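Chain by chain, the residues run as shown.
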Amino acid sequence: MTTEAQAETRGFETEAKQLLHLMIHSLYSNKEIFLRELISNASDAADKLRFAALSKPELLENDSELKVQIDFDGENNTITISDNGIGMNRDEVIANLGTIAKSGTAQFLESLTGDQQKDSQLIGQFGVGFYSAFIVADEVEVLTRKAGDTAEQASHWKSKGESEYTIESAEKAERGTTVTLHLKADEKEFAESFRLRSIVKRYADHLSIPVMMEKQDFGQAEDDEENKDKEETAVEYEAVNAAKALWTRSRSEVEDDEYKEFYKHVSHDFEDPLDWSHNRVEGKLEYTSLLYVPGRAPFDLWNRDAARGLKLYVQRVFIMDDAEQFLPLYLRFMKGVVDSNDISLNVSREILQKDPAVDSMRSALTKRALDMLSKLRKNDKEKYNSFWEQFGQVLKEGPAEDFTNREKVTKLLQFTTTNSTTEAQDQSLDEYIERMQENQDKIYYLVADSLKAAQNSPHLEIFRKKGIEVVLMTDRIDEWLMGHLTEYEGKQFQDVSRGELDLGKLEDEEEKEQQEESEKALEGLTERIKNSLSDRVNEVRLTHRLTDSAACLAIDEGAMGAQMRKIMEASGQAVPETKPHFEINPEHPLVARLDKEQDEERFGDLVEILFGQASLADGGQLDDPGEFSARLNKVLLQLQ
Ligand code: ADP
């Protein structure tokens, strides 16, 4: 076998190339993370091997102490990170180090702004991984051999991180992966014991795998240097990190910084988490969980196929990434670890789905996660608001998905209301209820496309006048959410744009009498309007929900609202036709004017204009905008 025959130069996939370029240019202020990423990969590789060895113990080849070793050469400016983990075969090297497997990468890259500071934050949430080596190195070599393969089946990958890499067959005596960084001239400082040790301490203390470095003997440093070659075999290594899996330690022993670092390892996130919850459960089921709330939504939060879930360990042995069975879909943003003593070591995804122990853990972890969010809201409103901004829309899937915890999830929802002075969605329903008027028994809300449209909706007029607060809902998911929420804390929800206005006990008798009178005075008008608009509307009726506007549209309780309609139309689904009710304000001078209008043509024009205005105020569109303007101009020209 000739190595040459197997050597191959390949171009990086376009996306990998872009990402590489970007990373090198945006992460230079945080260079040392390359070591965290490479150790993190080595630790994952050890986890994977341990798992594979459960069913194939021979993979361990008499070398069952899994570890990472870091060496450096100050003269040649290299750092080497070696592990005796699972390793990679040639195809895996090409797939893992030459392409970026995450779907949606192209869109992600398009979303970048070119502003390096902003982009470096974005790239952080993407997860930088192996490529971070190129922040400090101008050439990276990977020598790797998959566990179970022969020494001759190893591969040697090499790249300058520009546009291509080479891969050739190689020999490697031990299984696992060795990554060699040829440091850039101005990054020499990293090839130094003290520096490397402090980085390892900082980033790898929480990992269960020992990270070994050459034992230091300060007294004879110079002699050692001279004798190094001769005494190669005598070199001793020691573990630089604590090498105890973080979640197995007791809470009181773990520093916040360690929790944060561990989060970065499990989540591949670059930023700190917002909060975490670490618990050991003993009793019928025994397990430890460590759940994190990330600080920022990943770019693929809305991609249904994106990986989600917790890292699953069974009795400290890594079993799988992204075990999604332990949390419901609406908590898919949570990251973390669960380590169970009850699940069998040779569990598969399919078995997990059927295991009753998993079901119990799932409901306990769901409660734990919701409690953590509830505490976060209570203890740090600012952080909770930032959580809400990132993940609020996902949490809104909760009431529909999780009947058992509906009340708990609903308690966590936040909205803007007519009382808000900023645009932030920061008011809970409990806070709304506390402010409810004495006779108010419903939670009033309005769904609209945007906050501006909501705030200017004619449906709010009577509520403003009476000082009744209304919850404003402007997220795409809101109408759908409200389809699953009929009451909260014993209070019915009432969409203010649906049905006939019913203020219940908030209505006052005197007003009612007055209204009846004005209605009597306009008898016959609704009939005339209905004839004029014919089958474009359902019913024409007088309303008291308006104080300033002349008319508005209202729909029936169960009918599909504008927001759902738009979503369904956009996804190409057939939408049943629903006709609105056209409601007019009997107190409005235009309506009185309309009632007096004898000229049928002008009556028709005025009705069309009122109807058009009502559609627009509702966030709808005019059937024929040209005709609408022409009519409006015609009426305006009649003004003297
Ligand atoms: P990530 O770790 O986020 O998946 P990386 O770019 O760091 O992304 O690595 C890509 C893949 O390359 C890993 O998922 C893993 O399959 C493989 N890999 C990287 N380093 C090693 C290693 N030391 N041993 C075995 N496989 C590795």
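Here, every reference points to the structure presented above.
The following paragraphs examine the structure supplied in this document. Keep in mind the model is a prediction, meaning the values are calculated, not measured. (Residues numbered from 1 in each chain as written. Predicted model: local features only at pLDDT ≥ 70, side-chain atom pairs only at ≥ 80, totals over all residues. Heavy atoms only, no water.)

Here we come to the site of the ligand. For the ligand, the full set of nearby residues is Asn41, Ala45, Lys48, Asp83, Met88, Asn96, Leu97, Gly129, Phe130, Thr177 and His268. Within the contact set of the ligand, an oxygen atom lies 2.8 Å away from a side-chain nitrogen or oxygen of Asn41. Phe130 places a main-chain nitrogen or oxygen 2.8 Å from an oxygen atom of the ligand. Protein chains bury 78% of the 530 Å² of accessible surface belonging to the ligand in isolation. Looking at the shell around the ligand, the elements that each hand over two or more residues are α3 (33-55) and α4 (90-98). No other element matches α3, which puts three residues into the shell around the ligand. (Near = heavy atom within 4 Å. Polar contact = N/O pair within 3.5 Å; in protein donor to acceptor, adjacent residues only side chain to side chain. Areas by Shrake-Rupley, 256 points an atom, 1.4 Å probe, with all protein chains shown as cover. Helix = DSSP H or I, 4+ residues; strand = E, 2+ residues; numbered from the N terminus.)

With that settled, consider the packing of aromatic side chains. Describing an aromatic ring pair means giving the distance of the ring centres and the angle of the ring planes. Inspection of the entire model under this criterion finds 17 aromatic pairs. Three or more aromatic residues link up through ring pairs in this structure, and these residues are Phe130, Tyr131, Trp157 and Tyr165. Lying over the aromatic face of Trp302, Arg332 brings its terminal NZ or CZ to 5.4 Å of the ring centre. Above the plane of the ring of Phe603 lies Arg528, whose end atom (NZ or CZ) is 3.9 Å from the centre. (Phe/Tyr/Trp six-rings, centres within 6.5 Å; stacked < 30°, edge-to-face > 60°. Lys NZ or Arg CZ within 6 Å of the ring centre and 35° of its normal.)

With mixed pairing, the five strands of this open sheet are ordered in space as β10-β11-β14-β12-β13. Each having just a single partner strand, β10 (275-281) and β13 (317-323) make up the two edges of the open sheet. Each strand of the sheet is rotated relative to its neighbour by a mean of 15°, with strand direction disregarded. In this fold helix α10 (residues 256-267) packs onto β10, β11 (287-293), β12 (310-314) and β14 (335-340), with an angle of close to 85° to the strand it touches most, β11. In the packing of helix α12 (residues 356-379) onto the sheet, the strands contacted are β10, β11, β12 and β14, and the crossing angle to β11 comes to about 40°. (Pairing = 2+ DSSP bridges. Axes fitted to C-alpha atoms, helices over the stretch in contact; angles between N-to-C directions. Contact = heavy atoms within 4.5 Å.)

Now for unusual backbone geometry. A positive phi angle, near 55°, is found at Asn62, a position not held by glycine. Relative to the assigned elements, Asn62 resides in the loop between α3 and β2 (68-73). Classification of Asn62 as exposed rests on a relative accessible area of 86%. The backbone of His268 sits at a positive phi, close to 60°, despite the residue not being glycine. Mapped onto the secondary structure, His268 falls in the loop between α10 and β10. (Buried < 20%, exposed > 50% of the residue type's maximum accessible area, 1.4 Å probe, protein only.)

A cluster of nonpolar side chains, contributed by Leu632, Leu636 and Leu639, occupies part of the molecular surface with about 270 Å² of accessible area. The partly exposed category is assigned to Leu632, whose relative accessible area is 30%. (Patch = residues over 30% accessible without salt bridge, like charges linked within 9 Å, V, L, I, M, F, W, Y side chains within 5 Å. Salt bridge = Lys/Arg side-chain N within 4 Å of Asp/Glu carboxyl O.)

Axis separation between helix α23 (residues 589-596) and helix α24 (residues 600-617) bottoms out at 9 Å; the angle between their running directions is 155°. Taken as axis vectors, α23 and α24 run roughly antiparallel relative to one another. Crossing of α23 against α24: the hand is left-handed. From α23, Leu590, Arg593 and Leu594 reach across to α24, where they touch Arg602, Phe603, Leu606, Val607 and Leu610. Among the residues forming the contact of α23 with α24, the class breakdown is six nonpolar, no polar and two charged. (Parallel < 35°, antiparallel > 145°, perpendicular 65-115°, else oblique. Left-handed = near helix turned anticlockwise from the far one by under 90°. Nonpolar A, V, L, I, M, F, W, Y, C, P; charged D, E, K, R; others polar.)

Moving on, we get to helix α8 (residues 193-204). A rise of 1.5 Å per residue sets the reference length of α8, with its 12 residues, at 16 Å; its end C-alpha atoms lie 16 Å apart and thus fit the reference within 8%. Of the residues making up α8, those classed as buried are Ser193, Leu196, Arg197, Ile199, Val200, Tyr203 and Ala204. In a view along the axis of α8, the buried residues occupy a sector of 165°, so they form one face of it. Packed against the buried residues of α8 are α3, β2, β3 (78-83), β8 (211-214), β9 (237-239) and α10. Its side-chain oxygen at 3.1 Å from the backbone nitrogen of Phe194, Glu192 defines the N-terminal cap of α8. (Expected span 1.5 Å × (residues − 1). Arc of directions from axis to C-beta.)

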